[in-house]
Structure formats: structure tokens, C-alpha cells
Amino acid sequence: MPELQDDPSAHALPTTLAGEPVLLLGERALYWPARARLVIADLHLGKGHVFRQAGIAVPRGATQADLDRLTRLVHDTGAQQLWIVGDVLHGPMSQADWRVDWAQWRRAHAGLDVAVLIGNHDRALEGDALGMRQLGDEQADGPFLFRHLPKPDAQGRHVIAGHVHPKTRLPGVPRHWPAFWLQAGVTVLPAFSDFTGGHAVSVQAGQAGQAGRAGQGGQQLAACVHGSVVPIGWTLPRA
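1. Concerning the packing of aromatic side chains
The description of an aromatic ring pair uses the distance of the two centres, along with the angle that the planes make with each other.
No. 1: If you walk through the whole model with that rule in mind, you get 5 aromatic pairs.
No. 2: Residues W83 and F146 carry aromatic rings whose centres are separated by 5.1 Å and whose planes lie at 70 degrees to one another, so their mutual orientation is edge-to-face. Remark: F146 occurs in strand β9 (residues 144–147) and W83 occurs in strand β5 (residues 81–85); sequence separation between them is 63 residues. The burial state of W83 is the same as that of F146; both residues are buried.
No. 3: Ring centres of W102 and W105 lie 5.1 Å apart, and the angle between their planes is 25 degrees; on these two criteria the pair is classed as stacked. Taken together, the positions of W102 and W105, both in helix α3 (residues 97–108) and 3 residues apart, correspond to about one turn of that helix.
No. 4: Judged by its relative accessible area of 1%, W102 falls in the buried class.
No. 5: Through successive ring pairs, a cluster of aromatic residues spans W32, W83, F144 and F146.
No. 6: Just above the ring of F192 sits the side chain of R69; from NZ or CZ to the centre is 4.2 Å.
No. 7: Geometry around W177 places R175 over its ring, the cationic atom sitting 3.6 Å from the centre.

2. Quick look at the sheet that holds strand β1 (residues 12–17)
Note: strands within a sheet are paired through backbone hydrogen bonds, in either parallel or antiparallel orientation.
No. 1: Spatially, the 7 strands line up as an open sheet ordered β1-β2-β3-β4-β5-β6-β7, and their pairing is mixed. Of all strands in the sheet, those bounded by a partner on one side alone are β1 and β7 (133–134).
No. 2: Judged from the 5 bridges that link them, β5 and strand β6 (residues 113–117) form a sheet pairing that is parallel. Its bridge partner being in β6, W83 is matched across the sheet by A115.

3. A few points about the environment of D66
No. 1: Relative to the elements of secondary structure, D66 occurs in helix α2 (residues 62–77).
No. 2: Here D66 falls in the buried class, since its relative accessible area comes to 5%.
No. 3: Expressed as a C-alpha distance, the spacing of D66 and S193, which sit 127 residues apart in the sequence, is 6.0 Å.
No. 4: The contacts of D66, once residues within four sequence positions are left out, are L43, F192, S193 and D194.

4. Let's talk about the pattern of salt bridges
No. 1: Enumeration over the complete set of coordinates arrives at 9 salt bridges.
No. 2: Here R69 ties to E27 by a salt bridge, and the two come within 3.9 Å at their closest N and O atoms. Here R69 is found in helix α2, whereas its partner E27 is found in the loop between β2 (20–25) and β3 (29–32), with 42 residues between them in sequence.
No. 3: Given the relative accessible area of 24%, E27 is considered partly exposed.
No. 4: Salt bridges sharing common partners tie together E27, D66, R69 and R72.

5. Considerations on the nonpolar core
In globular proteins that are soluble, nonpolar side chains generally tend to be buried together.
No. 1: Core analysis: the biggest nonpolar cluster contains 27 residues, and L38, L82, I84 and W102 have the highest contact counts within it.
No. 2: Those elements that provide at least two residues to this core are β3, β4 (37–40), α2, β5, α3 and β6.
No. 3: Among the elements that make up this core, the one with the highest residue count is α2 (4 residues).
No. 4: Apart from residues no more than four positions distant in its own chain, L38 is found in contact with L25, A29, L30, Y31, L73, V74, T77, A79, Q81, L82 and W83.
No. 5: Counting residues in hydrophobic clusters, the runner-up holds 23 residues, among them L30, W83, V85 and A115.

Cut-offs used in this document
Residues numbered from 1 in each chain as written. Predicted model: local features only at pLDDT ≥ 70, side-chain atom pairs only at ≥ 80, totals over all residues. Heavy atoms only, no water. Phe/Tyr/Trp six-rings, centres within 6.5 Å; stacked < 30°, edge-to-face > 60°. Helix = DSSP H or I, 4+ residues; strand = E, 2+ residues; numbered from the N terminus. Buried < 20%, exposed > 50% of the residue type's maximum accessible area, 1.4 Å probe, protein only. Lys NZ or Arg CZ within 6 Å of the ring centre and 35° of its normal. Pairing = 2+ DSSP bridges. Contact = heavy atoms within 4.5 Å. Salt bridge = Lys/Arg side-chain N within 4 Å of Asp/Glu carboxyl O. Core = buried A, V, L, I, M, F, W, Y, C linked by side-chain atoms within 4.5 Å.

Below, the structure is given as C-alpha cells:
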């Protein structure tokens with residue numbers, strides 16, 4: 001479980017996972033400074049195209065908006081790596097508008113190492129065609145195990161995953177916000193794509209995590225609200 005280390009009103013919330021300093025970013029990404037690595041989940045490229053092909057009217061431009069957000073994150077963090085923990089795609093790798101948007105984005109970030117863990121929507125993924133390294137279903141690095149499905153690791157490594165699209169409410173605000181969902185041994189990232197549904201999660205009484213008591217059953221949330229991070233269920237360390 002993480003330990004709150006800094007002002008929760010910032011766009012980046014410093015914390016520790018499995019003893020490693022990381023940043024939870026309000027734009028729905030995790031940054032691991034030791035690897036200069038951005039980690040996101042559930043990009044869902046082409047989702048709008050799939051809906052339009054099915055006759056469902058959805059606005060265009062969602063992919064470009066997501067990529068613009070990703071550009072800002074790469075710039076602001078100075079990341080050298082981008083890992084996507086599954087669901088890069090939402091459907092087939094057809095020649096649709098999103099392919100043009102992604103190709104332009106990839107050319108603009110040619111020096112960035114982009115790697116992907118396979119998600120349930122990635123059956124058609126051809127990583128080479130998109131300038132991505134495919135890492136398979138899971139990849140261990142340091143104290144972490146990166147994969148799409150948020151299942152605890154039998155070897156005790158801290159899992160960083162996606163798939164669930166966690167969202168949560170803030171007191172007095174009548175809507176759900178994308179959220180980081182931190183549990184003992186597993187951190188679930190919010191869906192990076194803005195054009196996604198979500199699974200509502202909350203911290204119930206008696207479940208909140210306490211600083212310095214990692215792995216003892218508590219859970220914490222950090223809501224992503226207009227680019228800022230709002231921690232829910234965090235216990236501040238005593239002075």
C-alpha cells in the first residue's frame with residue numbers, strides 16, 4: 001500500500017509502491033522516475049470508429065484529444081519510456097482516422113520507447129505497425145509485475161494493471177471521476193481514454209489504508225479531477 005508524501009492538491013501525487021517512489025498523475029498516468037517511464041492503461045484506439053461503423057453517432061476527435069494529453073505528459077515528465085498495460089486497441093487495426101492520428105503522434109515522439117502488455121481487446125494488435133514493442137501478457141521489472149488483468153501475483157510482486165476502468169465519486173459531486181485504485185499488492189490504473197465507461201469503486205468505512213501499513217488489507221483511491229489528483233481514504237503520516 002502507498003504512503004502519502006505530499007500536497008494532495010497538486011497535479012502529481014507522490015507516493016510509494018512496493019518501496020519505489022512513483023507519481024500518480026491527474027491526467028490518468030503513473031510515472032516511475034527510476035525508469036523514466038510513463039505507464040497508462042486502456043487507450044482504446046479506434047473505439048469511436050467501431051461505434052460509427054455500427055451506426056452509433058459519436059463525435060470525432062476523441063483519439064486526438066487523448067494523444068494531446070499524452071503529449072503533455074511526455075513533455076512534463078521527460079519520460080523516455082511509455083508502457084501501456086493493455087487494451088491499446090478497441091477493435092480491428094483498420095485504416096481509420098485514428099491510425100493517421102497515431103502515426104503522426106508516433107513520428108513526433110520517435111525517440112520514445114513504447115511498449116505494450118496485451119489486453120483483452122488487443123487480439124488484432126500488430127505492434128510493429130504502430131511502432132510498439134509487444135511484451136506479451138505480463139512483464140516483471142523490479143518489484144513490479146505489469147499486466148492487463150488486476151490479479152495478485154503468486155510471487156508477491158506488486159501488480160500494476162488496468163482493465164477495470166475504476167471510477168469513484170467525490171462527496172457532494174454528482175458524477176464519477178476516473179481513479180487510481182490502490183489495494184494490497186495491486187494498483188489498478190484509470191482508463192487513459194476519455195471515451196470509456198467505468199466500474200464504480202469506493203472506500204468503505206474501515207477499509208482505508210494507513211500510511212506505513214502496506215499490505216494489511218486497506219485500500220485507497222485517487223480521483224483524477226480536471227488534471228488534478230484528489231486522494232480518498234489516505235491517512236496522512238504523523239509528524
